[in-house]
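# Fold and geometry: a report
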Amino acid sequence: MNTNLAYADEQRDELINGFIVMMSPRPKTDHNLTTGNIYSIFKHYLKGKRCTPFPDGEDLYLSEKDRFVPDGMIVCDPDKIKSRGVYGAPDLVVEVLSPATAKRDKGYKKDVYEQAGVKEYWIVSTTDKSIEQYLLTNGKFVLHEIYSLNGDYPPEEMTEEEKAALLTEFKCSLFDDLLIKLEDVFERIK
């Protein structure tokens, strides 16, 4: 058996606004490393705690018309976790942008996550090495902050003052004692 073709027959899809949409081809290395790094941060932090981290690949059922497969999520209500996926709004959803999904992640999916009551939503860019952190406030997502390892220029072209002004670590709104460092999120990303 040719193991290089192991994923050739695997067809992954999402249900978006009532339409089955085939997911993009297998993600690129930077995407996989980033989602793995985020999952690892939460997996270690949440060990022995009530909330459960999920990596990419878990079905999320939000409505009759919407079944997504986010790049990561945290679920603190164990009753939402079933054998076929997560049913109901997670507490945190992470989407890592790719050219094929960016419009949906920033548009329709963001709106559905908001309407479902997701408390925190991250839009992650491996290209910019940045995270947009949205917090649900009065039923609407509000952009809380954009964190980035890169400014307007490559790091080697930035002054020390420009580097110091970058926001490179932050707290997830769900956990007061967890500091997220972008250098950990984007570890091994070139």
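Small disclaimer: the values here were computed from a predicted structure and weren't measured.

### Quick word on the state of the cysteines
- Applying the stated criterion across every chain yields a total of one disulfide.
- Each disulfide pairs two cysteine sulfurs, and for Cys-51 the partner residue is Cys-76, the sulfurs being separated by 1.9 Å. On the sign convention where negative means left-handed, the S-S torsion of about 105° between Cys-51 and Cys-76 marks this disulfide as right-handed. Taken as a pair, Cys-51 in the loop between α1 (29-46) and β3 (52-55) and Cys-76 in the loop between β6 (72-75) and β7 (81-82) lie far apart in primary sequence, 25 residues in all. No difference in accessibility class separates Cys-51 from Cys-76, as the two residues are buried.

### Things to note about a negative patch on the surface
- Together, Glu-169, Glu-183, Asp-184 and Glu-187 line one region of the surface with negative charge.
- As for its position among the elements, Asp-184 is in helix α5 (residues 182-185).

### Things to note about the confidence of the model for the protein
- When the pLDDT values of the protein are averaged, the result is 90; 90% of them are 70 or greater.
- Below pLDDT 50 for its whole length, residues 1-9 participates in one contact with residues either more than four positions away or in separate chains.

### Some words on the environment of Thr-101
- In this fold, Thr-101 is placed in the loop between β9 (92-96) and α2 (102-106).
- Put simply, Thr-101 and Glu-187 are 86 residues apart on the chain and 23 Å apart in space, counted from C-alpha to C-alpha.

### Observations concerning the packing of aromatic side chains
- Tallied over the full model, the rule gives eleven aromatic pairs.
- Between Phe-68 and Tyr-113, the aromatic rings sit 5.5 Å apart at their centres with planes inclined by 90°, giving edge-to-face as the arrangement. One end of the pair, Phe-68, is in strand β5 (residues 67-68); the other, Tyr-113, is in helix α3 (residues 108-116), and 45 residues separate them in sequence. This pair shows no difference in class: Phe-68 is buried, exactly as Tyr-113 is.
- Each residue in the set Phe-42, Tyr-45, Trp-122, Tyr-147, Phe-170 and Phe-175 is aromatic and connected to the rest through ring pairs, giving one cluster.
- Its guanidinium or amino end placed over the ring of Tyr-45, Lys-49 lies 3.7 Å from that ring's centre, counting from NZ or CZ.
- Lys-109 extends its terminal NZ or CZ atom over the ring of Phe-68, reaching a point 5.2 Å from the ring centre.

Conventions and cut-offs
Residues numbered from 1 in each chain as written. Predicted model: local features only at pLDDT ≥ 70, side-chain atom pairs only at ≥ 80, totals over all residues. Heavy atoms only, no water. Disulfide = S-S within 2.5 Å. Helix = DSSP H or I, 4+ residues; strand = E, 2+ residues; numbered from the N terminus. Buried < 20%, exposed > 50% of the residue type's maximum accessible area, 1.4 Å probe, protein only. Patch = residues over 30% accessible without salt bridge, like charges linked within 9 Å, V, L, I, M, F, W, Y side chains within 5 Å. Areas by Shrake-Rupley, 256 points an atom, 1.4 Å probe, with all protein chains shown as cover. Salt bridge = Lys/Arg side-chain N within 4 Å of Asp/Glu carboxyl O. Lys, Arg positive; Asp, Glu negative; His and termini not counted. Charge placed at Lys NZ, Arg CZ, Asp CG, Glu CD. pLDDT = per-residue confidence, 0-100. Contact = heavy atoms within 4.5 Å. Phe/Tyr/Trp six-rings, centres within 6.5 Å; stacked < 30°, edge-to-face > 60°. Lys NZ or Arg CZ within 6 Å of the ring centre and 35° of its normal.

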